[in-house]
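# Per-entry structural report
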Amino acid sequence: MSIATHDTAGAHSHDDHAHGGHPEIGFVRKYIFSTDHKVIGIQFLITTLLMLMVGGALALAVRWQLAFPWQWMPIAGDLEVFKDQGGIISPEFYTMLFTMHATVMIFLVIIPVLAGAFGNFLIPLQIGADDMAFPTLNMLSYWFMWPAIVLFGISFVIGGVTAGPAAGWTSYPVLSAIASAAPGSGAAQTFWLLAVTCVGVSSMMGSVNYMTTIINMRAPGMTLFRMPMTIWGMFITAILQSFALPVLTAAGFMVLFDRTMGTCFFVPAGLVVNNADPTIGGGQPLLWQHLFWFYSHPAVYIMLLPAMGMVSDILCAFARKPLFGYKPMVYSLAAIAGLGFIVWGHHMFTSGMNPALGMTFMVSTMMIALPSAVKTFNWIGTLWGGNLIFTTPMLNSVAFISMFIVGGLSGIFMAAVPVDLYIHDSYFIVAHFHYVLFGATLFGVFGAIHFWFPKMFGRMMNDNVGKLHFVLTFIGFNGTFFTMHLLGVAGMPRRLADPFNYPYLEHLLPLNQFMTYSAMLMGFAQFLLLGNFFYSMFWGPKCGRNPWNANGLEWDAPSPPPHGNFDSIPVVYRGPYEYSSPLTDKDYLPQTEYIPPRPQPGTT
Ligand code: HEM
Ligand SMILES: [Cu+2]
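Residues numbered from 1 in each chain as written. Chains lettered and ligands numbered in written order. Predicted model: local features only at pLDDT ≥ 70, side-chain atom pairs only at ≥ 80, totals over all residues. Heavy atoms only, no water.

An unreviewed UniProt entry annotates the protein as Alternative cytochrome c oxidase subunit 1 originating from Symmachiella macrocystis. The annotation that UniProt attaches to the protein under Sequence similarities (unreviewed entry) is "Belongs to the heme-copper respiratory oxidase family." (UniProt positions renumbered as here; feature names shortened; annotations may be inferred.)

Quick look at the structure:
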């Protein structure tokens, strides 16, 4: 294997230097239908950043309604389609908005930005390979995102502003299974399900590729326990994905069959929906919840573990210290992934399950806090006594840890059955998952963008703009989401177009307005990120191979690396975290640097 790798690497670098004799790759093959993992990673990154803005706009619309219910919508209120509604957000449209916000954020932002963008860009570079094991499959995994994006788009617009998909991102039957159940349960829901299937196909192609690449294509000397945590995060995520995803895909087809072919996997008998005739069935809506969460609980780790890995790399580079407890960090990642498969029932505590079963899920869920705490303590241990350098990537990574602690702690509250019975489906849940998904993962992604941008484009992003983006996002984030805990405990339900209809919630309106202003601040701050990103791509100051004095193999390749990555196949002598090592005078020691063994005293 390594010989084959060597040959291809040689051939690639030969290509790059000998322009004269070889036909150049055309623009389309180079930038659009490229099989180069770096181009594909950057394609994923730019696509997901744009989707982040789409998902953000949908969120701001949701927040508008919660702060200024039934008031004329800014900007969109003037559009022709909203004229019938009087320029306001109707309850149906509100339901579409939060459904599509979550859909876009989960399926088109968080999952693809981690595995698709950073997995692609970093895996070959960090293990010392010239590309992925299956480059064409890799290209397809990106291009399968587009049918998904188009189908989601169709689903949103096909029914006008009253009949888009409206069953939430969780798509529980019978809303999602019976076309007459709600305005959005018709064609829109079918397109939505097809779109999710395309995302699944894309993810599976990626996972197969990542597992194969990491197992087979590591450079000489890159043993498993010399791999950076980013690679461990990506590897374990790929395994998790490939076990969990088939369940969701199968369940998705089962709903599609229920909708189109008259099966009744999820449709019970004798149900009267919307004054239609009673359903003929025998299926179980709860079955969907089991299947959906059997995928989607592991999926929350698919949305987290790669970021945990990347943050570990960034922390070491800016604490100038080795990772505290490397092996426990690897084992705890694996433990989180393993336990993640036996806790799905914690999403169903209120579904009337047998208390003995509820207790089992409660205990297993709480056990996840143990490996999570190992990780948190080790990150803090890494920072402890370090020579901390607060660059933009570092600030975002420290935010990752602290926000993850908040999100993890609220998770333990909900894992307790008696507490969850009270706060289930309230804004407390919404606070919890935004702390883990946005507070942790997305801050990790922001850190990773600023950290690896120089490798992607050979130019630096502006650190001051980066810091401003960080500070505004951090303030806006906590203003928006910390407050949600309070609303949840006060009893405000999620997914409700007009909570203030209920007198016991009326006094929460000012808090909601504060949250909406915070969310607007956060939304506008993202233009700083986009501006900094696209400006620096063309006009940022140029940088060398290793602007951060970091240890990983990726810093050994030119910035940006050519097709084929390395000048020659790197040889690895040690792990990636040998910062401030006594073996050298520099405060870092790259994985590829050879240090001859010192003669032992007493030997000649
Ligand atoms: C210490 C670790 C964690 C524990 C104990 C925990 C516990 C829970 C529990 C019990 C629920 C269900 C609450 C309910 O519906 O009543 C829940 C919901 C959720 N959790 Fe966590 N969680 C943890 C970490 C995470 C992480 C790391 C993520 C994502 C990266 C995450 C994402 C979510 C999401 C998205 C939901 C809500 C899904 C929905 O209803 O739409 N959680 N969590
Ligand atoms: Cu869960």
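### With respect to the coordination of the iron atom of ligand 1
One donor from the polypeptide reaches the iron atom of ligand 1: His432 (NE2), at 2.1 Å. In this structure, the iron atom of ligand 1 lies 4.7 Å from the copper ion (ligand 2). When you line up the elements, His432 lands in helix 16 (residues 427-457). (Donors = N, O, S within 2.8 Å, 3.2 Å for Na, K, Ca; no water. Helix = DSSP H or I, 4+ residues; strand = E, 2+ residues; numbered from the N terminus.)

### Here's the deal with the coordination of the copper ion (ligand 2)
Coordination of the copper ion (ligand 2) by the protein is provided by His297 (ND1), His346 (NE2) and His347 (NE2), with metal-donor distances spanning 1.9 to 2.0 Å. In primary sequence terms, the donor set of the copper ion (ligand 2) follows H-x48-H-H.

### Comments concerning the side chain of Gln126
Position of Gln126 among the secondary structure elements: in helix 5 (residues 91-127). Setting aside residues up to four positions removed in sequence, Gln126 forms contacts with Met222, Pro228, Thr230, Ile231, Asp313, Trp452, Leu553 and Glu554. (Contact = heavy atoms within 4.5 Å.)

### Structural notes on the pattern of salt bridges
According to the stated counting rule, one finds seven salt bridges in the structure shown. For Asp587, the salt bridge goes to Arg320, with nearest N and O atoms at 2.9 Å. Taken as a pair, Asp587 in the segment after helix 18 (509-539) and Arg320 in the loop between helix 11 (305-319) and helix 12 (326-339) lie far apart in primary sequence, 267 residues in all. The class for Arg320 is buried, based on a relative accessible area of 4%. Between Arg545 and Asp567 there is a salt bridge, with its nearest N and O atoms 2.8 Å apart. (Salt bridge = Lys/Arg side-chain N within 4 Å of Asp/Glu carboxyl O. Buried < 20%, exposed > 50% of the residue type's maximum accessible area, 1.4 Å probe, protein only.)

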